[in-house]
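For reference, the chains in residue letters:
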Amino acid sequence: MSTDVRTPAPLAAQHEPERHWWVAPLTGTVLAPALAAAVSSAENTFADRAFLFTGGLLLSYALILPSWFLARAPALGRRRNGLVLGGCMTAAFFPAVVSMAGWTLFLVMLFTGHIDG
């Protein structure tokens, strides 16, 4: 047995906060509306289907918002980046996914005889 008694390092020294933790959430917060607007204007969904723009933006912010409140530990940086990436992808692909699901549902109902074409 050893009689060497060492005091553990302070918790603050073990878990130093990330210096630039805010870069990813800020990038996602700015980039998500730009992506949603670009995709919606490319597909002319501003006037026809505004819910695609609004839904894509709200869902993307629902993913990006928790990245602002995660602990500033370096171990959570990867999770923070993943949330921001998911939010930006949601803003970019939401209109296409909803449109594709709508057309698929329409064609299935048309071919199975549930609606008349």
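For the structure, see preceding data.
Calculation criteria
Residues numbered from 1 in each chain as written. Predicted model: local features only at pLDDT ≥ 70, side-chain atom pairs only at ≥ 80, totals over all residues. Heavy atoms only, no water. Core = buried A, V, L, I, M, F, W, Y, C linked by side-chain atoms within 4.5 Å. Buried < 20%, exposed > 50% of the residue type's maximum accessible area, 1.4 Å probe, protein only. Helix = DSSP H or I, 4+ residues; strand = E, 2+ residues; numbered from the N terminus. Contact = heavy atoms within 4.5 Å. Expected span 1.5 Å × (residues − 1). Bend = angle between axes of the 7 residues up to and from the residue. Salt bridge = Lys/Arg side-chain N within 4 Å of Asp/Glu carboxyl O. Phe/Tyr/Trp six-rings, centres within 6.5 Å; stacked < 30°, edge-to-face > 60°. Lys NZ or Arg CZ within 6 Å of the ring centre and 35° of its normal. Axes fitted to C-alpha atoms, helices over the stretch in contact; angles between N-to-C directions. Parallel < 35°, antiparallel > 145°, perpendicular 65-115°, else oblique. Nonpolar A, V, L, I, M, F, W, Y, C, P; charged D, E, K, R; others polar.

1. Observations regarding the nonpolar core
- Of all hydrophobic cores here, the largest spans five residues; its members are A32, A36, L57, I64 and A91.
- Of all the secondary structure elements, the ones that give two or more residues to this core are α2 (23-42) and α3 (50-69).
- Apart from the residues lying within four places of it in its own chain, the contact partners of I64 are P25, G28, T29, A32, L83, V84 and G87.

2. Regarding α2
- Spanning 20 residues, α2 covers 28 Å between terminal C-alpha atoms, matching the ideal 28 Å at 1.5 Å per step.
- At L31, α2 shows its maximal kink, close to 25 degrees; a proline, P33, follows between one and four residues later.
- The secondary structure elements touched by the buried residues of α2 are α3 and α4 (77-111).
- Trailing α2 by a residue or two, N44 shows a phi angle of about 55 degrees, which is positive.

3. What about the pattern of salt bridges?
- As enumerated under the stated definition, the model contains one salt bridge in all.
- For R80, the salt bridge is made with E18, and the minimal N-O distance between the two is 3.0 Å. One end of the pair, R80, is in helix α4; the other, E18, is in the loop between α1 (11-14) and α2, with 62 residues separating them in the sequence.
- Since its relative accessible area comes to 1%, R80 is described here as buried.

4. A word on the packing of aromatic side chains
- As enumerated under the stated definition, the model contains two aromatic pairs in all.
- With centroids separated by 5.8 Å and ring planes inclined at 85 degrees, the aromatic side chains of W103 and F106 adopt a geometry described as edge-to-face. Residue W103 and its partner F106 are both found in helix α4; the two are separated by three residues, about one turn of the helix.
- Given a relative accessible area of 57%, W103 falls into the exposed group.
- Residue F106 is classed as partly exposed on the basis of its relative accessible area of 37%.
- One Lys or Arg, R72, reaches over the ring of W21 and ends 3.6 Å from the middle of that ring.

5. Topic: the packing of α2 against α4
- Between α2 and α4, the least distance of the axes is 7 Å, while the angle of their chain directions is 10 degrees. In terms of axis orientation, α2 runs roughly parallel to α4. Contacts between α2 and α4 involve A24, P25, G28, L31, A32, L35, A36, V39 and S40 from the first element and R80, N81, V84, C88, A91, A92 and P95 from the second.
- Counted by class, the contact of α2 with α4 contains 12 nonpolar, three polar and one charged residues.

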